[in-house]
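Remarks on the overall topology
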Amino acid sequence: MDKPEWRISDGLVPYQEALAAMEARVADIRAGRARELVWLLEHPALYTGGTSAKPHDLLEPARLPVHRTGRGGQFTYHGPGQRVAYVLLDLAARRLDVRRYVAALEDWTIATLARFGVTGERRAGRVGVWVTRPDKPPLPDGSRREDKIAAIGVRIRHWVSFHGLSINLEPDLAHYAGIVPCGIADHGVTSLVDLGLPVTMPDLDAALAAAFEEVFAVRPGGNRAGLDSGFPGIVRPADSS
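Residues numbered from 1 in each chain as written. Predicted model: local features only at pLDDT ≥ 70, side-chain atom pairs only at ≥ 80, totals over all residues. Heavy atoms only, no water.

**Quick look at the overall build of the protein**
- Helices and strands together make up the secondary structure of the protein, namely three helices and eleven strands.
- Listed by position from the N terminus, the elements making up the protein come as β-α-β-β-β-β-β-α-β-β-β-β-β-α.
- A globule of 241 residues ought to have a C-alpha radius of gyration of about 18 Å, and the protein, at 17 Å, matches this closely.
- With respect to the principal axes defined by its C-alpha atoms, the protein has extents near 50 × 35 × 35 Å.
- Across the 241 residues that make up the protein, the buried fraction comes to 51%.
- Here the analysis covers contacts within the protein between residues at least 6 apart in sequence; of these, 67% occur between residues at least 24 apart. (Helix = DSSP H or I, 4+ residues; strand = E, 2+ residues; numbered from the N terminus. Rg over C-alpha atoms; globule rule 2.2 N^0.38 Å. Buried < 20%, exposed > 50% of the residue type's maximum accessible area, 1.4 Å probe, protein only. Contact = heavy atoms within 4.5 Å.)

**Regarding the side chain of aspartate 57**
- As for its position among the elements, aspartate 57 is in the loop between β3 (46-49) and β4 (66-68).
- An unpaired buried charge is present at aspartate 57: no salt bridge exists, and lysine 54, the closest side chain of opposite charge, is 5.1 Å distant. (Lys, Arg positive; Asp, Glu negative; His and termini not counted. Salt bridge = Lys/Arg side-chain N within 4 Å of Asp/Glu carboxyl O.)

**Comments concerning the pattern of salt bridges**
- Taken as a whole and judged by the stated rule, the model has 18 salt bridges.
- For the salt bridge of glutamate 23 with arginine 157, the shortest nitrogen-to-oxygen distance reads 2.3 Å. With glutamate 23 in helix α1 (residues 15-31) and arginine 157 in strand β9 (residues 146-157), this residue pair connects regions lying 134 residues apart in the sequence.
- What makes glutamate 23 partly exposed here is its relative accessible area of 26%.
- Close ionic contact of aspartate 147 with arginine 133 constitutes a salt bridge, the shortest N to O distance being 2.9 Å. Residue aspartate 147 is located in strand β9, and its partner arginine 133 is located in the loop between β8 (126-132) and β9; the two are separated by 14 residues in the primary sequence. By the burial criterion, aspartate 147 is buried, and arginine 133 matches it.
- Within the structure, one salt-bridge network assembled from shared partners comprises Arg133, Asp135, Lys136, Asp147 and Asp194.

**Some thoughts on the environment of lysine 136**
- Positionally, lysine 136 belongs in the loop between β8 and β9.
- Taking the relative accessible area as the measure of exposure, lysine 136 reaches 30% and is therefore partly exposed.
- Sequence spacing of lysine 136 and threonine 112 is 24 residues, and the spatial spacing of their C-alpha atoms is 24 Å.
- If sequence neighbours within four positions are ignored, lysine 136 has contacts with Arg145 and Asp147.

**Points about the side chain of threonine 76**
- Inspection of the secondary structure puts threonine 76 in strand β5 (residues 75-78).
- Overall, threonine 76 belongs to the buried group, its relative accessible area being 7%.
- Setting aside its immediate chain neighbours within four residues, threonine 76 contacts Leu46, Tyr47, Thr48, Arg71, Ala151 and Ile179.

**Examining the packing of helix α2 (residues 98-114) against helix α3 (residues 201-216)**
- Between α2 and α3, the shortest axis-to-axis distance is 8 Å and the interhelical angle comes to 135 degrees. The angle between α2 and α3 places the two elements in the oblique class. Our pair here, α2 against α3, has a crossing hand that is right-handed. Together, Tyr101, Ala104, Leu105, Asp107, Trp108, Ala111 and Thr112 of α2 and Leu204, Ala207, Leu208, Ala211, Phe212, Glu214, Val215 and Phe216 of α3 make up the contact between the two elements.
- Here the contact of α2 with α3 is built from residues that sort into twelve nonpolar, one polar and two charged. (Axes fitted to C-alpha atoms, helices over the stretch in contact; angles between N-to-C directions. Parallel < 35°, antiparallel > 145°, perpendicular 65-115°, else oblique. Left-handed = near helix turned anticlockwise from the far one by under 90°. Nonpolar A, V, L, I, M, F, W, Y, C, P; charged D, E, K, R; others polar.)

**Quick look at the sheet that holds β4**
- Pairing is mixed in the open sheet, where three strands are placed in the order β4-β3-β5. Bordering the open sheet on either side are β4 and β5, each of which pairs with just one other strand. The mean inter-strand angle of the sheet, taken between neighbouring strand axes irrespective of direction, is 25 degrees.
- Examined bridge by bridge, β3 and β5 share four bridges and lie antiparallel to one another. (Pairing = 2+ DSSP bridges.)

**Describing the nonpolar core**
- Membership of the largest hydrophobic core comes to 38 residues, with the highest contact counts inside it found for Tyr101, Leu105, Trp108, Leu192, Leu204 and Phe216.
- Formed by 16 residues, the second largest nonpolar core is a distinct cluster that contains Val26, Ile29, Trp39 and Tyr86. (Core = buried A, V, L, I, M, F, W, Y, C linked by side-chain atoms within 4.5 Å.)

**Quick notes on the confidence of the model for the protein**
- Per-residue pLDDT for the protein has a mean of 89; in total, 90% of the residues score no lower than 70.
- Throughout residues 220-241 the model reports pLDDT below 50, and contacts reaching past four residues in sequence, or to other chains, amount to 56 contacts. (pLDDT = per-residue confidence, 0-100.)

In structure tokens form, the structure reads like this:
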């Protein structure tokens, strides 16, 4: 299959504009009128609430614009200095079920962070990518603190994915105080710059592009590089429409 279009938008893309563009592209991909798309962008400062968002987790509703969205997950923050990657892929053609697709997004993020010497990790029951913070005081139970550096929230329509992930490069982390990020109150958030890494957005984009090829590239015969070649069958997502 053809490689996805790789698009990088300059400036800040309004959220509703991005959502409308994704909706149209999903329809075109399903109809065979367009290639898959990986779209890298930044949004103005705002909160989004996914299908599992709880009203009490929006702590400061007047702080920033709030957009309810059909992606999975709870409340998160988007804003300048955060790289958002919207990933519009034909999951049926790639023989990816939803569970494997989300795991592949995590793999992609972890491989991207590794290029800067950052060890990103999964945590059971907490979608996204986390880093341990031995530089911070431990939690009351004595365990190490962990901060989230990347969030993942997806939606599937007719087996075409949209929405995707966000990686914190240098956003205003103070805005996370207006929500309970992803419904998790016991852990914090961080960014590459917060970890002391002078990474630029072009640096991050280059790392994302290289890591994407490792994780999502389709080899002859239909197998994906970096992913198990077996296929247990498609599990229909509750959020598909």
